[in-house]
Amino acid sequence: MSTILFELGCEELPPKSLKPLRDALQASVTEQLHAAEITFDSIKSFAAPRRLAIQIQGISDKQPDRTEQKRGPAIKAAFDADGNPTRAAMGFAKGLGIEASELITINTDKGDYVGFEQTISGQATTELLPAIFQTALDNLPIAKRMRSGASRNEFVRPVQWAVLMQDGTVINATIQGHETGSQTRGHRFHSPDYHNIAHANDYEQLLDGLKVVADFDKRQMLIKNQVKALADEVNSDAIVPQELLDEVTALVDFPIALRASFEPRFLQVPQEALISTMQADQKYFCLTDKAGKLQPYFIFITNIESKDPNQIIEGNEKVVRPRLADAEFFFLQDQKQPLFALTESLKTRVFQDKLGTIWEKSERIAKLAAFIATLMQQQGHDINVDDTVRAGILSKADLASSLVGEYPELQGIAGTYYARLNDEPEAVAASLEEQYLPKFSGDVLPQTPIGICLALADRLDTLVGIFAIDQAPTGSKDPFSLRRSAIGILRILIEKQLPINLVALVEQAIKGYSDAEGSKIAKMGDTFTQVMAFLNSRYRAMYTEQGVSVDTIQAVQAINPHMPLDFDQRIRAVQAFSTLSQASMLADSNKRVANILAKSEVSVADTVDETLLSEPAEQNLYANVKQAQTRVQPLLEQADYTQVLQTLASLDEPLTQFFDNVMVNSDDAALKNNRLALLKQVRALFLTVADISELQL
């Protein structure tokens, strides 16, 4: 057993790609080693700005020997009556380079055959590794490869050196056009020269001494600890998004965190704008107080151990000041006119060529949001319809602001700031930011009633409009993020416990595209059908992500509920039902009932004639069905679907007895039709919740 070290040294690798490259390299090497049956104790990957490396410990010296069996013709064809090999046997032996006398008999289920077993020696690990590492490099997820100088070898960045060692010995090979050796390089400034690696086990420790923390995760933890320590010194919390942390980790070999500050006057600017520019442009970690309010500090990571850190701090403060001043300028510039005045320019800004301007969209949002607000009022929610209309009109105003023009990610957020400065009602101001929630899967939902109305109205208006002009998502293409919007609509209605029918919402959204001159939607019926189908199709994506089985979703979709909250309640009920001991039998019985009714050549009656119930099993089933109908009715009125299915579970035994003892397809037409009517009532009871026959239990 020995240790293998592979390192590829490059010019600075793309920081956003470094971690994925590291993970892909290790995964590919591991997979190839397993495929080659090369065992090892552990494998560790390293990634720093100028290197990717793999260290494999306890690796076997060679592949295991294996026995390979070759099977030839059947015994009957291989030997004649006298036991002499035939031409078939001799030809088979010749092809293997052996004598016919060396052939053996192979016994199989299909008869006996002649054959030959040979032992194939495994290759040495050192012979296989160069190809394994080169293949792994070739398979890395690199969007665009480049060549260096006259070299024909391509990689994400120019390669400068390659190391491949077994313990203290170099494995001679050519990888990415470079002869492998045992020399690596340290920190670009602190230790730029080549240094010899005495043993593969020394790699990480050697680089530590050369001011390179080669372990990506270790380097990241150093950054997190230093940032926290500096934040604690000023009683603050650092904002450390994982994506930014990964990028910063990929930018430095030897991380040293420093804290700097900026003028407190900039804190009058929306803190989201300041945070955005410091994170995106400068890769800084911003600090907030315990309440989440931005503080006049930031932390940055330097790659140099400076003798005078203050110079670096002052340099970063000097660089960030103009960026913060720009944000301040845009913010003050926008305040020269009220937020409502910005809506004027929306009248010439196009939302979509065939769907009109952003101002027209704002008007549609206002009308649809008011409709939703009225429904919520009727359900007991405290919401002002006039304020909802006002919020709808202002919903897209900040798109015309200078601040959003410079920082597009602040749409909605800027509107909320400006609305508060204009003394708009707080309910209106808060909703302008909330209209864009949820922004991604798992994101928070709008909290205020008006925010909920705007969020629903905006998404529904876009869905209806885009489907109306035949630009629905196809394959992986979804330029208007309609799939995300649809799931957002469903989540809001379900998680905010809003018993609102999708049919009413989609119909109202379609009406919003009509005015005195007519409708922008040519085929209203087709648009309605397509939008409803699209929304219903999103249930599967949403619930499978939550771990709900596909057959459970299909069972509820089969009865096509139009209210998302109701759909969710049915899903939970079916999930609970699936855990019952009777569930499997009842699912099978429902399948059987559905098949029998589907094959009926006559229209099945809705009522059962009790006088025709001649068999005890059918009389018992009928009595249980009548009892279940009585017990289920109040439960359905309360939408207590879980208890409905719990109640219907009692039909398990009567149904089983019915199928065991009653001939449904009786020769007597009256008996047959009456029994079909009884089964129809059984089926109808279960369909009040879901189609249980869809379950695969």
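Residues numbered from 1 in each chain as written. Predicted model: local features only at pLDDT ≥ 70, side-chain atom pairs only at ≥ 80, totals over all residues. Heavy atoms only, no water.

Participant: Where do I start with the overall build of the chain in this structure?
Facilitator: Scanning the chain from terminus to terminus reveals 26 helices and 22 strands. In summary, the chain has a C-alpha radius of gyration of 36 Å against a globular reference of 26 Å for 697 residues, an excess of more than 25%. Taken along its principal axes, the extent of the C-alpha atoms in the chain is 110 × 95 × 50 Å. Across the 697 residues in the chain, those meeting the buried criterion constitute 49%. Taking the contacts inside the chain whose residues are at least 6 apart along the sequence as the reference set, 68% of them involve residues at least 24 apart. Carbon and sulfur atoms make up 48% of the accessible area of the chain, which totals about 32900 Å². Charged side chains in the chain number 68 positive and 91 negative. The centres of these two groups are separated by 4 Å. (Helix = DSSP H or I, 4+ residues; strand = E, 2+ residues; numbered from the N terminus. Rg over C-alpha atoms; globule rule 2.2 N^0.38 Å. Buried < 20%, exposed > 50% of the residue type's maximum accessible area, 1.4 Å probe, protein only. Contact = heavy atoms within 4.5 Å. Areas by Shrake-Rupley, 256 points an atom, 1.4 Å probe, with all protein chains shown as cover. Lys, Arg positive; Asp, Glu negative; His and termini not counted. Charge placed at Lys NZ, Arg CZ, Asp CG, Glu CD.)

Participant: Explain the environment of L490 to me, please; I cannot follow it from the model alone.
Facilitator: Note that L490 resides in helix α17 (residues 482–495). Residue L490 is classed as buried on the basis of its relative accessible area of 0%. Sequence-wise, L490 and P20 are 470 residues apart; in three dimensions their C-alpha atoms are separated by 33 Å.

Participant: Can you walk me through the packing of aromatic side chains in this structure?
Facilitator: For any pair of aromatic rings, the description consists of the separation of the ring centres together with the inter-plane angle of the planes. One pass over the structure, following the stated rule, counts 13 aromatic pairs. Relative to F133, the ring of F6 lies with its centre 4.4 Å away and its plane at 15 degrees, an arrangement referred to as stacked. Highlighted residues: F6 in strand β1 (residues 2–10) and F133 in helix α4 (residues 125–138), separated in sequence by 127 residues. Each member of the pair F6 and F133 is classed as buried. Of the aromatic side chains, those joined through ring pairs into one cluster are Y284, F298 and F300. One residue, K361, lies across the ring of F351, its end atom 4.6 Å from the ring centre. (Phe/Tyr/Trp six-rings, centres within 6.5 Å; stacked < 30°, edge-to-face > 60°. Lys NZ or Arg CZ within 6 Å of the ring centre and 35° of its normal.)

Participant: Can you help me understand the packing of helix α11 (residues 358–378) against helix α16 (residues 449–468) in this one?
Facilitator: The geometry of α11 relative to α16 is characterised by a closest axis approach of 8 Å and an angle of 130 degrees between their N-to-C directions. Between α11 and α16, the angle falls in the class oblique. Here the hand of the crossing between α11 and α16 comes out right-handed. Contact residues: K361, R364, I365, L368, A369, I372, A373 and M376 in α11; P449, I452, C453, L454, L456, A457, D458, L460, D461 and T462 in α16. (Axes fitted to C-alpha atoms, helices over the stretch in contact; angles between N-to-C directions. Parallel < 35°, antiparallel > 145°, perpendicular 65-115°, else oblique. Left-handed = near helix turned anticlockwise from the far one by under 90°.)

Participant: When you look at unusual backbone geometry in this model, what are you seeing that I'm missing?
Facilitator: Of all residues except glycine, most have a negative phi; of all peptide bonds, most are trans. Going from L437 to P438, the amide bond is cis rather than trans, its omega being -5 degrees. Residue position: P438 is located in the loop between α15 (426–434) and α16. Positive phi is not limited to glycine here, since N235 has a value of about 55 degrees. With respect to the helices and strands, the residue N235 is situated in the loop between α6 (216–233) and β15 (237–238). The class of N235 is exposed, set by a relative accessible area of 55%. Look at D470: it is not a glycine, yet its phi comes out positive at around 60 degrees. Along the polypeptide, D470 turns up in the loop between α16 and α17. Judged by its relative accessible area of 66%, D470 is exposed.

Participant: What exactly am I supposed to notice about the sheet that holds β15 here?
Facilitator: Strands sit in the order β15-β17-β18-β16 across an open sheet of four strands; the sheet is antiparallel. Each end of this open sheet is capped by a strand with a single partner; those strands are β15 and β16 (256–261). Inspection of the sheet shows β16 paired to strand β18 (residues 294–302) by six bridges, in the antiparallel sense. Bridge pairing links R259 to I299 in β18. Across the sheet, α6 touches β15, β16, β17 (285–288) and β18, and the angle it forms with β16 is around 30 degrees. (Pairing = 2+ DSSP bridges.)

These results come straight from atomic positions and should not be treated as a statement about function.
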